[in-house]
Every structure is written in C-alpha cells, then in structure tokens.
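Architecture at a glance
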Amino acid sequence: MRDKDNNEFIELVIIKKNDNYLITANTVFLISLSVFYGFSMVVAILLFASHYLMSGIILLILSTLSVFVIYVFFKLFLSMLFDIKMIRNKLYNLKNDNVYRLYNNDLSNNPQFKNDVGSDEGFDP
C-alpha cells in the first residue's frame, strides 16, 4: 500500500531541488561565458601586439557576436524551462512564487498573476 502523504512530500522535495538547479545553471553559464569572452579578449590583444591586426579585429567581432548570440539563446532556453516549471506547478496546484523569484521577474504586481496559479481566478486570456 502506498503512503500518499510521504509520496507528496518526496515529490515536493524533488521539485524544490530541481528548481535550485536552474539558479546553478544560470550562474555557471554566466561565469563560463565571461571567462570565454575574457580569454578571447586576451588573445585579441596578443594578436594586436604581434602585428596581426586583421586577425585581432576579426576575433573581436566574432567573439562579441558569438557571446551575444549564445547569451540570447541560453536565456530563451531558460525561459522555456521556467514555462515548463510553471505548467508543472499548475498541475500540482502549487504557487509559482518560487519560479518568479528564480526568473528574477517581479510579476507579483501584475493582476493576471496575483492569484494562485492552481486556480483560474484572475486569469483573463
């Protein structure tokens, strides 16, 4: 026989643990992207110092563009993961306050999101 209360507790612990991975993923991504960009700047400066001016300029332009594109796509990917978490919370009738804090977006002032996501009250599509 299954213990319903224990299973719900385990599910909630797993949900909170999974939510914390997004914070870690975002932090690690930003640090690694900064290290990559810093490394490419150092290499570009070394190219300038070695009189490889055109190679340095190309590296500066391509590294800046690639960092920007990678950042935008990662943020889009994180946004998709947060949407999935909001849908998951609606299925479990949980509030999305922790997802809003993780997303670093203050939606609490928006009347559409003021109520519990488990209910459709206040939602006007």
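Criteria and thresholds
- Residues numbered from 1 in each chain as written.
- Predicted model: local features only at pLDDT ≥ 70, side-chain atom pairs only at ≥ 80, totals over all residues.
- Heavy atoms only, no water.
- Phe/Tyr/Trp six-rings, centres within 6.5 Å; stacked < 30°, edge-to-face > 60°.
- Helix = DSSP H or I, 4+ residues; strand = E, 2+ residues; numbered from the N terminus.
- Buried < 20%, exposed > 50% of the residue type's maximum accessible area, 1.4 Å probe, protein only.
- Core = buried A, V, L, I, M, F, W, Y, C linked by side-chain atoms within 4.5 Å.
- Contact = heavy atoms within 4.5 Å.
- Expected span 1.5 Å × (residues − 1).
- Patch = residues over 30% accessible without salt bridge, like charges linked within 9 Å, V, L, I, M, F, W, Y side chains within 5 Å.
- Areas by Shrake-Rupley, 256 points an atom, 1.4 Å probe, with all protein chains shown as cover.
- Salt bridge = Lys/Arg side-chain N within 4 Å of Asp/Glu carboxyl O.

It is worth spelling out the packing of aromatic side chains at this point. Centre-to-centre distance and the angle between the planes together describe a pair of aromatic rings. One pass over the full model with this rule turns up one aromatic pair. Residues Phe-29 and Phe-74 carry aromatic rings whose centres are separated by 3.8 Å and whose planes lie at 20° to one another, so their mutual orientation is stacked. Linking Phe-29 in helix H1 (residues 4-49) with Phe-74 in helix H2 (residues 53-91), this pair joins segments that are 45 residues apart in sequence. A residue is classified by how much of its surface remains accessible, and Phe-74, at 17% relative accessible area, is buried.

In this structure, His-51 is a non-glycine residue whose phi angle is positive, near 65°. Its place among the elements puts His-51 in the loop between H1 and H2.

Moving on, we get to the nonpolar core. Membership of the largest hydrophobic core is limited to seven residues, which are Leu-22, Phe-29, Leu-33, Val-67, Phe-74, Leu-78 and Phe-82. Looking at this core, the elements that each hand over two or more residues are H1 and H2. Among the elements that make up this core, the one with the highest residue count is H2 (four residues). Setting aside residues up to four positions removed in sequence, Leu-78 forms contacts with Leu-22 and Asn-26.

Further remarks concern H2. For an α-helix, the turn length of 3.6 residues means that residues three or four places apart are oriented alike. The end-to-end C-alpha distance of H2 is 57 Å, a good match for the 57 Å that 39 residues give at a rise of 1.5 Å each. Positive backbone phi, at 55°, marks Asn-93, one or two positions downstream of H2.

Moving on, we come to a nonpolar patch on the surface. A contiguous nonpolar patch, built from Leu-30, Phe-68, Val-69, Tyr-71, Val-72, Phe-73 and Leu-76 and spanning about 650 Å² of accessible area, is present on the exposed surface. Top element by residues in the nonpolar patch is H2. It accounts for six residues.

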